[in-house]
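# Structure assessment
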Amino acid sequence: MAKRPQLTGRAAILAVVVCAIAMSLAYPFREYIAQRRQITELEQEQARALQHLRNLEDQRRKLEDPEYIKQLAKRRLHYCEPDAKCYVLLDGKKGTVPAKAERKQASVAPWYETIWKSVQAADTADGQRAAS
């Protein structure tokens, strides 16, 4: 009895055709996956932009309200309406300057004082620099 070869010509041709089909479909499939990923990213970006737009519209609506503007003026600018008693409470924790910074600021003269001293020194015309 003659042995049959394990790989016939038809099987080899079939294998080549299957490989060719697989290779011809690989690139379009990869592009399809990349486009789906890009679509997902663009949808997320669009959702973020819409949320930002909603926030801006809310802020615009608030700024059109005169009561909200009054609240902002009171809170940020410490605005006080006429005939009203307003108080600003200062606690020792927030907004205090450390002792080192106070000493440093005290040792440096303000800019306008330095300019005035230089004007006075120029007026005496003795060629001496003004003491800081």
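Here, the structure is the one placed above.
What comes next concerns the included structure. (Residues numbered from 1 in each chain as written. Predicted model: local features only at pLDDT ≥ 70, side-chain atom pairs only at ≥ 80, totals over all residues. Heavy atoms only, no water.)

## Notes on the pattern of salt bridges
In this structure the tally under the stated criterion is five salt bridges. Among the salt bridges present, the one from R60 reaches E64, with a minimum N-O distance of 2.9 Å. Placement of the pair is R60 and E64 together in helix α1 (residues 9-64), with a separation of four residues, close to one helical turn. Taking the relative accessible area as the measure of exposure, E64 reaches 53% and is therefore exposed. Among the salt bridges present, the one from E81 reaches K74, with a minimum N-O distance of 3.5 Å. (Salt bridge = Lys/Arg side-chain N within 4 Å of Asp/Glu carboxyl O. Helix = DSSP H or I, 4+ residues; strand = E, 2+ residues; numbered from the N terminus. Buried < 20%, exposed > 50% of the residue type's maximum accessible area, 1.4 Å probe, protein only.)

## Digging into the packing of aromatic side chains
By the definition in use, this model includes one aromatic pair. For the ring pair W111 and Y112, a centre distance of 5.8 Å and an interplane angle of 85 degrees mean the geometry is edge-to-face. By the burial criterion, W111 is exposed, and Y112 matches it. (Phe/Tyr/Trp six-rings, centres within 6.5 Å; stacked < 30°, edge-to-face > 60°.)

## Description of the state of the cysteines
Counting across every chain of the model gives one disulfide. Here C80 pairs with C86 through a disulfide, and the sulfurs are 2.1 Å apart. In this structure the cystine formed by C80 and C86 twists about its S-S bond by roughly 85 degrees; its chirality is therefore right-handed. Relative accessible area serves as the criterion here: at 28%, C80 is assigned to the partly exposed category. (Disulfide = S-S within 2.5 Å.)

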